[in-house]
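Listed below, chain by chain, are the residues.
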Amino acid sequence: MPSPVQLRCCEASGCRSAGSQALRTALEDACGAPGPEASRLTIKPVGCLRQCGSGPLVACDRPGGTQLFGGLAPEQAGALIAEALADDGGGNAGPSSAADPLAGHRLDLEGPFFALQRPVVLEGCGQVNPESIDDALAFGSYAQLQRVLQELTPEQVRDEVRLSGLRGRGGAGYPTGLKWDTVALQPPGPRYVVCNADEGDPGAFMDRSVLESDPHRLIEGMAIAAYAVGAERGFVYVRAEYPLAIERLRLALQQARSRHLLGNHIHGTPFNLRLEVRVGAGAYVCGEETALLLSIQGQRGMPQPRPPFPAQSGLWGAPTLINNVETFTAVPAILRQGGDWYAAMGTEHSKGTKVFALSGAVVNTGLVEVPMGTPLRTVVEVIGGGVPDGSPIKAVQTGGPSGGCIPAERLDTPVDYESLLELGSMMGSGGMVVMGSGTSMPEVARHFMGFSVNESCGKCVPCRAGTVQLAQLLDRFVERRATPEDMERLDALCRMVKATSLCGLGQSAPNPVLSTLRWFRHEYEAACREPTLCVSSGGVG
Amino acid sequence: MAVLTLNVNGQDVAVPAGASLLEATRAAGADVPTLCHLDGLSPVSACRLCLVEVEGSGKLLPACSTAAAEGMVVHTHTPQLREVRRMAVELFFAEGNHVCAVCVANTHCELQDTAVAVGMDHSRFPYQYPQRSVDASHPQFTLDHNRCILCSRCVRVCDEIEGAHVWDIGSRGGQCHIVAGLDEPWGQVQACTSCGKCVEVCPTGALFRNTDTTAEKQPDASLPALLRSARDQRRWHNQ
């Protein structure tokens, strides 16, 4: 009996836009042709296979090992099937001969892009069929929920999460265990769990990939969290720009309900949980937790002063636990392997792994999950492969419009919450945009400021009017008509907006300017109408 | 009654438990400017003028929505605070079309008074001259968006005191504006009781009575506090 062969076809948004659906149809058609041989070949739609820039991706599992193919056209489906069914295994993917029809499409699974990664959150991404709960169950989803409900008290669950040292993956890095305790220890009464899946940072697509690839893991993580804090109702707030993620999440919730993994008396225990999807309406600011909660309640999404924090008074005044997709998704693995295991990865203050969405001027675009504390250089140069034309990296932008640009000379910085803040950037949700030597920093700053102008909710004046003035000041630099006074004004207004804005969006809106002013001041000076005057004015900041 | 003691600008003050930092600064006689805050309405911390420094907090806190706590050491007029307040007022002037000389609220305008208080004699930021409209559809009142600073006092007084919720904020960022009803002409909004409270609390000349002309608006912003305390103390027989 010939051994079974499995082709895993990526069906996440990135590969879909590269034509993965046509490729899968072609594979299925070609598979019908060879006859009895085909019966040992299965084609399975899966989620993100991580090297998104080389899509559409197909992984071929054979007894001899796994091979990954990228960028195949539907016409090459036959060649791929023939390769998959070849008897010699061929798995060593030796130097591809000129006759090899798949030459140039073989991706190296042993190469640094994959070898240096440590999938924890992404463990099931690209392995499970996101639309099949049976597949997820076979992969181990919901096993921890069952164990937790039957064997652990809520306190024990929270202890484990506290022990793991997990910190909020939405960007701010608040200790997750502490947040869970705060919610759990509020006076008795209803409480809620909310998953923030309003991933809005340009260049960030981690949460989307998780939702599209392994939605059951998120649901399991949320259910465990709900049990740990005593909530019986929860919401996943997903941005409307992620239609496929919404579709798969809704399907997953429906499947979980029909298997009684959600609803009343889950696993025969008194634990009940209702989870619903709420779809955003296009406002970036709704990723801010207080605005998000207002939006769930049907109101205008505008940040509110904190305290009270959502953990004390959130949805309908009840204590509300709000965490990011990645945070919840890390929970099942933490409970399975133990908090110690998770805490053993990473640095002293930033434990575990972090998923980054690597894009920009880099060879390997895609999802990267590495232990915290991995040097930035390893991520962008080794895993990412550096700038495609081989030129040196100029800067790496992290944290989207709230973060900053880290110059090439600081690439040896370990990636953790504190180190990035020190450099004037931030972890943010995990978008990482690599910039080559051709990138003008004042233009980058203006780009992000334009984003903040468009996305300001308009509630407080520093953000509403300050970002507009900042964008106009940056225009003067980009158009080379700035004066020394503009330099001072830019600096002063940045600091004012940062210090006085109401919410994180406004407080961090000047970061792209401040960080580029700090590391690339000469570019601003050179962009003045009379560069020499600007240089001599110096001393600001 | 439980009392909290705290130190404002070097002066010890006592305030009842539950008081805001703003009340504490007032007890100390520190003149902290406010625009969006109004006694009797819920605080929104939008104008950012009442930001103060509290030792140990590491960031600026809005006095209107921060609860006073025992032992707090508060500074209300540090050089940094003076600078950011002035800049905030400059931003207010630059983002709208504020022409005092022809405004109904001239000499009775809180924005104008605040500008004087923070020493803003000119704006370092270029005026934006936005294209904004005037809604004169209501028989008694007019809304001039050019003078609106989006303090949302009208929104809150109509919702929290009058209970009609005629006003809301539409759009976002620099396009934000006050909307009546479902973004209709004010005169067509049947929920409006024409009580005029929004006009009384408006800090500028954005909302005014049609009978007022230049420098004739004399608003009474004390109304919400009076009505709220009457309601809280059940002074009305029909309650």
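In this text, all values refer to a predicted model and were calculated from it rather than measured experimentally. (Residues numbered from 1 in each chain as written. Chains lettered and ligands numbered in written order. Predicted model: local features only at pLDDT ≥ 70, side-chain atom pairs only at ≥ 80, totals over all residues. Heavy atoms only, no water.)

A.B. asks: I tried to follow the overall build of chain B on my own but got confused; where do I start?
C.D. replies: The secondary structure content of chain B amounts to six helices and ten strands. For a compact globule of 239 residues, the expected C-alpha radius of gyration is about 18 Å, and chain B comes in at 19 Å, within 12% of that figure. With respect to the principal axes defined by its C-alpha atoms, chain B has extents near 55 × 50 × 30 Å. Counting the 239 residues in chain B, one finds 52% classified as buried. Considering only intrachain contacts with a sequence separation of at least 6, the fraction spanning at least 24 residues in chain B is 59%. Carbon together with sulfur atoms contributes 52% to the accessible area of chain B, which is approximately 10900 Å² in total. Here chain B carries 19 positive and 26 negative side-chain charges, and the mean point of each set is 2 Å from the other. (Helix = DSSP H or I, 4+ residues; strand = E, 2+ residues; numbered from the N terminus. Rg over C-alpha atoms; globule rule 2.2 N^0.38 Å. Buried < 20%, exposed > 50% of the residue type's maximum accessible area, 1.4 Å probe, protein only. Contact = heavy atoms within 4.5 Å. Areas by Shrake-Rupley, 256 points an atom, 1.4 Å probe, with all protein chains shown as cover. Lys, Arg positive; Asp, Glu negative; His and termini not counted. Charge placed at Lys NZ, Arg CZ, Asp CG, Glu CD.)

A.B. asks: Any chance you could explain the overall build of chain A here in plain terms?
C.D. replies: The number of helices and strands found in chain A is 24 helices and 14 strands. Since a compact globule built from 541 residues should have a radius of gyration of about 24 Å, the 24 Å found for chain A is in line with a globular shape. Seen along its three principal axes, the alpha-carbon backbone of chain A occupies a region of about 80 × 65 × 40 Å. Counting across all 541 residues of chain A, residues that qualify as buried make up 60%. Here the contacts in chain A between residues at least 6 apart in sequence split such that 72% fall between residues at least 24 apart. As presented, chain A carries roughly 19400 Å² of accessible surface, and 52% of it is formed by carbon and sulfur atoms. If you average the places of the 46 positive and of the 56 negative side-chain charges in chain A, the two averages end up 6 Å apart.

A.B. asks: Would you mind going over the nonpolar core with me for this structure?
C.D. replies: A general trend in soluble globular proteins is that nonpolar side chains are found buried together. The biggest cluster of nonpolar side chains holds 108 residues, and the ones touching the most others in it are Val157, Trp180, Val193, Leu218, Val238, Leu249 and Met432 of chain A. What Val157 of chain A contacts, discounting residues up to four positions off in sequence, is Val148, Leu152, Trp180, Ile224, Tyr227, Ala228 and Leu335 of chain A. Formed by 48 residues, the second largest nonpolar core is a distinct cluster that contains Leu517 of chain A together with Val89, Phe93 and Val104 of chain B. (Core = buried A, V, L, I, M, F, W, Y, C linked by side-chain atoms within 4.5 Å.)

A.B. asks: Help me understand the side chain of His216 of chain A, please; the structure alone is not making it clear to me.
C.D. replies: All names here are of chain A. Relative to the helices and strands, His216 resides in helix α10 (residues 215-229). By relative accessible area, His216 is classed as buried at 1%. Residues in contact with His216, not counting those within four places in the same chain, are Ser132, Ile133, Ala136, Ser141, Tyr142, Ala252 and Gln255.

A.B. asks: Help me understand the packing of helix α7 (residues 154-164) of chain A against helix α8 (residues 176-184) of chain A in this model?
C.D. replies: For any two helices packed against each other, the geometry comes down to the angle between their axes and how far apart the axes lie. All names here are of chain A. Here α7 crosses α8 at 155°, and the two axes come no closer than 7 Å. Our classification of the angle between α7 and α8 gives roughly antiparallel. Where α7 abuts α8, its residues Val157, Arg158, Val161 and Arg162 lie against Thr176, Gly177, Trp180, Asp181 and Ala184. (Axes fitted to C-alpha atoms, helices over the stretch in contact; angles between N-to-C directions. Parallel < 35°, antiparallel > 145°, perpendicular 65-115°, else oblique.)

A.B. asks: Would you explain the sheet that holds strand β2 (residues 11-16) of chain B in this entry?
C.D. replies: Across a sheet, paired strands are connected by hydrogen bonds in the backbone, their directions being either parallel or antiparallel. All names here are of chain B. Spatially, five strands are ordered β2-β1-β5-β3-β4 in an open sheet, and the strand pairing comes out mixed. Looking at which strands have only one partner, the edges of the open sheet turn out to be β2 and β4 (60-62). Averaged over all pairs of adjacent strands, the angle between their axes in this sheet comes to 40°, without regard to strand direction. Sheet topology places strand β3 (residues 51-54) next to strand β5 (residues 73-75); two bridges connect them, and they run antiparallel. Within the sheet, the bridge partner assigned to Val54 lies in β5 and is Val74. Helix α2 (residues 79-95) rests against β3, β4 and β5 of the sheet, and its axis sits at about 160° to β3. (Pairing = 2+ DSSP bridges.)

A.B. asks: Looking at this model, I keep getting lost on the environment of Val120 of chain A. Mind explaining?
C.D. replies: Residues and elements named next belong to chain A. Relative to the elements of secondary structure, Val120 occurs in the loop between α4 (112-115) and α5 (133-138). Taking the C-alpha atoms as reference, Val120 lies 14 Å from Pro215; in sequence the two are 95 residues apart. Those residues within four positions of Val120 in sequence are excluded, and the remaining contacts are Arg217, Ala333, Trp341, Tyr342, Met345, Thr353 and Glu369.

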